[in-house]
Amino acid sequence: MKLATLKDGTRDGKLVVVSKDLTRYCAADNIAPTLQAALDNWDEIAPKLEALYTDVQHEAVPCERFHEREAHSPLPRAYQWADGSAYINHVELVRKARGAEVPESFYHDPLMYQGGSDGFLAPRDNIPLKDTKWGCDMEGEIAVVTDDVPMGVSSDQAADHIKLVMLVNDVSLRGLIPGELAKGFGFFQSKPASAFSPVAVTPDELGDAWKGSVIHLPLMVDYNGEAFGRANAGVDATFSLADLVAHAAKTRDLGAGTIIGSGTVSNQGPDGDPGKPVAEGGLGYSCIAEIRMIETIADGEAKTRFMAPGDTVRVEMKDEDGHSIFGAIEQRVVEA
């Protein structure tokens, strides 16, 4: 099924069930007022939402037109948002750009940081930027939402706790990252509010594309109206999303509504090289930092600038028939 949260003037919005083709919705607040309320009692609430989803599909209940611009993040705020790094190719590229080696442990022990979750940007909200020197970058990612996850689960067990899947634009301020990491305490100011797709879907909606807790479809990232990234989320994933959930739960329970991100989706080139931009026939990149690293290696300096007011980014994923699965994140950078 497909779920969304509509803006209604409150912090947490109104839960709705959305048709498979993203054209219609039916309010679900008589079943659960918010998505968090549904996740808090998922085993009881989910079957009722599934029944409503079936009715929406068959147009057996009154529906209204679904407009993605009216959607908030499926979870406008969350108890927990932790972002991992399933695609080590991205880690290799970004660390190489700043002259750092990738420790061997990164290939079997995932990276993860805890992001701010007290408020997310809606999928069509502007990205506020106070200073272009901060190096504003987009990061196209996949994220999952869990129910209650007990401490110490295995990856196989963690897979059963993944209830919803979304897309993410994890906004990063690259110019602030080195200074923060040098302190030895991780990201904070360099990771402002992220944006999630208009719609969250249950894994079964992905059909055969959902295998091993990874989506085997290209993630489409457009920058200023042109194709920038088409990396396949099912390729070069060192860790699955279930692996990342299990990693997060190693020493603690995870509360219902926990969001775990994949990190930037990133593919190697056909010969294990960093690949080429989409304009040159490659799969491109899901963030600007990667192409800047490649330019630095090739030419001694980066040519592609980071985002500035007026720039736009779009993140979307389509099924094999070309239909949008989650709706699109569409954002413009503006002066804060």
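Preceding this paragraph is the structure being described.
Counting starts from 1 at the beginning of each chain's written sequence and moves along it residue by residue. Two thresholds apply to this predicted model, a pLDDT of at least 70 for residue-level local features and 80 or more for giving and counting side-chain atom pairs, whereas whole-chain, interface and lining totals are computed over all residues. With hydrogens and water excluded, all non-hydrogen atoms of the structure serve as input to the side-chain values.

On to the sheet that holds strand β17 (residues 226–229), then. Paired strands, as defined in this entry, are two strands with at least two bridges between them according to DSSP. Helix numbers and strand numbers start at the N terminus; a helix is a DSSP run of H or I with at least 4 residues, a strand a run of E with at least 2. Taken together, the 5 strands give an open sheet; going across it, the order is β7-β20-β19-β16-β17, and neighbouring strands pair in mixed fashion. Sheet topology places β7 (127–129) and β17 at the edges, where each strand pairs with a single neighbour. Adjacent strand axes in the sheet meet at a mean angle of 25 degrees, parallel and antiparallel pairs treated alike. Sheet topology note: the strand β16 (residues 220–223)/β17 ladder contains 3 bridges and is antiparallel. Lines fitted to C-alpha atoms define the axes, with helix axes restricted to the stretch in contact, and inter-axis angles between N-to-C directions lie between 0 and 180 degrees.

Any carboxyl oxygen of Asp or Glu that lies within 4 Å of a side-chain nitrogen of Lys or Arg is treated as forming a salt bridge with it. Scanning all chains against the criterion turns up 17 salt bridges. Among the ionic pairs, K7 bridges to D125, the shortest N-O distance being 3.4 Å. Of the two residues, K7 sits in the loop between β1 (2–6) and β2 (14–18) while D125 sits in the loop between β6 (112–115) and β7, which places them 118 residues apart along the sequence. The class of K7 is partly exposed, set by a relative accessible area of 42%. Linking D311 and R305 is a salt bridge whose minimum nitrogen-to-oxygen distance equals 2.6 Å. The buried label goes to any residue with under 20% of its type's maximum accessible area, the exposed label to any with over 50%, and the partly exposed label to all in between, with areas taken from a 1.4 Å probe on protein chains only. A relative accessible area of 5% places D311 in the buried class. Members of the salt-bridge network, linked through shared partners, are E68, R124, R314, E316 and E330.

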